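Residue-level structure breakdown
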Amino acid sequence: MSKQEMDAVVQLLNANQPDGEPTVAEMRAGMEQLAGTFPLPDGAQQQAETIAGVPCEWQWVEGVADDAVLLYFHGGGYVVGSVNTHRGLVSGFSKASGLKGLSVDYRLAPENPFPAAVEDAVAVYSALLDGGRDPSNIAVAGDSAGGGLSLALLLAARDRGLPQPACAALLSPWTDLRIVAKAYETRKDADPMVRKDGISAMAAHYLAGSDPTDPLASPILADLSGLAPMIVHVGDREVLLDDSVELAKRAEAAGVDVSLKIWPDMIHVFQAFYPMVSEARDSIAEMGAYIAARTG
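This text gives an overview of the structure that appears in the document. (Residues numbered from 1 in each chain as written. Predicted model: local features only at pLDDT ≥ 70, side-chain atom pairs only at ≥ 80, totals over all residues. Heavy atoms only, no water.)

**Some remarks on the layout of surface pockets**
If a probe as big as a water molecule is rolled over the atoms, it shows which places are left empty. One number sums up the size of the largest pocket: a volume of about 1,500 Å³. Along the wall of the largest pocket there are 50 residues; nearest its centre are Met 27, Met 31, Leu 34, Val 80 and Met 193. By residue number, the principal contributor to the lining of the largest pocket is helix H2 (residues 24–35), which donates 9 residues. Residues belonging to the lining of the largest pocket are distributed by class as follows: 24 nonpolar, 19 polar and 7 charged. If you add up the space inside the second largest pocket, you get close to 190 Å³. For the second largest pocket, the full set of lining residues is Pro 39, Leu 40, Pro 41, Gly 92, Lys 95, Ala 96, Tyr 274, Pro 275, Arg 281, Ile 284 and Ala 285. Each residue belonging to the lining of the second largest pocket can be placed in one class, and the counts come to 8 nonpolar, 1 polar and 2 charged. (1 Å grid on protein atoms, 1.4 Å probe; cavity = no way out; pocket = protein on both sides within 12 Å on 5 of 7 lines; lining within 4 Å. Points joined across faces, edges and corners; volume = space filled by probe spheres on them. Helix = DSSP H or I, 4+ residues; strand = E, 2+ residues; numbered from the N terminus. Nonpolar A, V, L, I, M, F, W, Y, C, P; charged D, E, K, R; others polar.)

Have a look at this one:
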């Protein structure tokens, strides 16, 4: 474990914390700027495409399979993030899994509150199926809010009679928008990526008055039976730790094939810092191998 590498990341994040309460526009610009400092993997390629009316971007590295898709939903509290901010991460997962990544630029709150993101996710997945994609060759993945959105997609697909994808890979998924987990207090000073007041504001933007216990908003509260196999990686020092631990517990109780790994000393979506942290690269490799083993 490279604690020094993670400490350097934490110092970088703390140094870039804005003064006061940033606006949504400032948060979006800050995330775009931070993501732009990281290089893409060698051989990374991109191609924009609108699918079912939703802007998307194919992101892959040379040599991956053309007939298998990694359908990726970026994080950012349903308020920030884009195909730009996660291009390196998705490309890294493409390389690790051997699948062609499809990053979805789903609609963001507060302009487009719940359930707009879920509607976009279902629309893109349905379009892939309608276009002849074999669900056994589709893996769904996402980080933070994108992990919660990935789960919401699995639930919506099941309830609409659509086939499940081959598997889901979830990075520190945000699965409970009630913001009631104990980790919000026990780890409040450990992770500069997410703090309770900030994520509560994002939940309010996204829900816009909707019930936080709606299973498509807080998938941890849903009946999880019949969902695809899933792998969940989360950091031990993040406030969203309980969202992953409780998800794994409930998924297993519902008969879902679930694999949970808690990474010591890691912060929220530590995989995003793969150029700087060896554990991030290890996590991407492990999750990529899981995806590769379960797709055609």
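**Thoughts on the environment of Ser 225**
Tracing the backbone through its elements, the reader meets Ser 225 in the loop between helix H7 (196–207) and strand E7 (230–235). Residue Ser 225 is classed as partly exposed on the basis of its relative accessible area of 27%. Expressed as a C-alpha distance, the spacing of Ser 225 and Ala 253, which sit 28 residues apart in the sequence, is 8.6 Å. Not counting the four nearest positions on each side in its chain, Ser 225 is found in contact with Arg 158 and Ala 254. (Buried < 20%, exposed > 50% of the residue type's maximum accessible area, 1.4 Å probe, protein only. Contact = heavy atoms within 4.5 Å.)

**Structural notes on the packing of helix H3 (residues 87–97) against helix H9 (residues 278–294)**
Two numbers describe how H3 lies on H9: the axes approach to 7 Å, and their chain directions differ by 55°. What the angle tells us is that H3 and H9 run oblique. Handedness of the crossing formed by H3 with H9: right-handed. Seen from H3, the contacting residues are Leu 89, Gly 92, Phe 93, Ala 96 and Ser 97; seen from H9, they are Ile 284, Ala 285, Met 287, Gly 288, Ala 289, Ile 291 and Ala 292. (Axes fitted to C-alpha atoms, helices over the stretch in contact; angles between N-to-C directions. Parallel < 35°, antiparallel > 145°, perpendicular 65-115°, else oblique. Left-handed = near helix turned anticlockwise from the far one by under 90°.)

**Considerations on the packing of aromatic side chains**
On inspection of all chains with the given rule, the structure shows 6 aromatic pairs. Look at Phe 38 and Phe 273: their rings are 5.9 Å apart centre to centre, the planes differ by 85°, and that puts the pair in the edge-to-face class. Remark: Phe 273 occurs in the loop between strand E8 (258–263) and H9 and Phe 38 occurs in the loop between H2 and strand E1 (44–51); sequence separation between them is 235 residues. The exposure class of Phe 38 is buried, given its relative accessible area of 19%. Using a relative accessible area of 2% as the deciding quantity, one classes Phe 273 as buried. Summarising the aromatic geometry, the rings of Tyr 78 and Tyr 206 are spaced 3.7 Å apart at their centres and angled 5° between planes, so their arrangement reads as stacked. (Phe/Tyr/Trp six-rings, centres within 6.5 Å; stacked < 30°, edge-to-face > 60°.)

**Re unusual backbone geometry**
Looking along the chain, the bond that leaves Ala 109 and enters Pro 110 is cis, with omega of 5°. By secondary structure assignment, the location of Pro 110 is in the loop between strand E4 (100–104) and helix H4 (116–130). With an omega of 10°, the peptide bond between Phe 114 and Pro 115 qualifies as cis. Mapping Pro 115 onto the fold places it in the loop between E4 and H4. Its identity is not glycine, yet Ser 144 carries a phi of approximately 55°, on the positive side. The residue Ser 144 is located in the loop between strand E5 (138–143) and helix H5 (145–159) in this model. Relative accessible area serves as the criterion here: at 9%, Ser 144 is assigned to the buried category.

**Let's talk about the nonpolar core**
In this structure, Leu 71, Phe 73, Leu 102 and Trp 174 are the most contacted members of the largest nonpolar core, which totals 50 residues. Breaking this core down by element, the ones donating at least two residues are strand E2 (54–61), strand E3 (69–73), E4, H4, E5, H5 and H7. Element by element, the count of residues in this core is highest for H4, at 8 residues. Counting 30 residues, the second largest nonpolar core, distinct from the first, contains Leu 99, Trp 263, Ala 280 and Ile 284. (Core = buried A, V, L, I, M, F, W, Y, C linked by side-chain atoms within 4.5 Å.)

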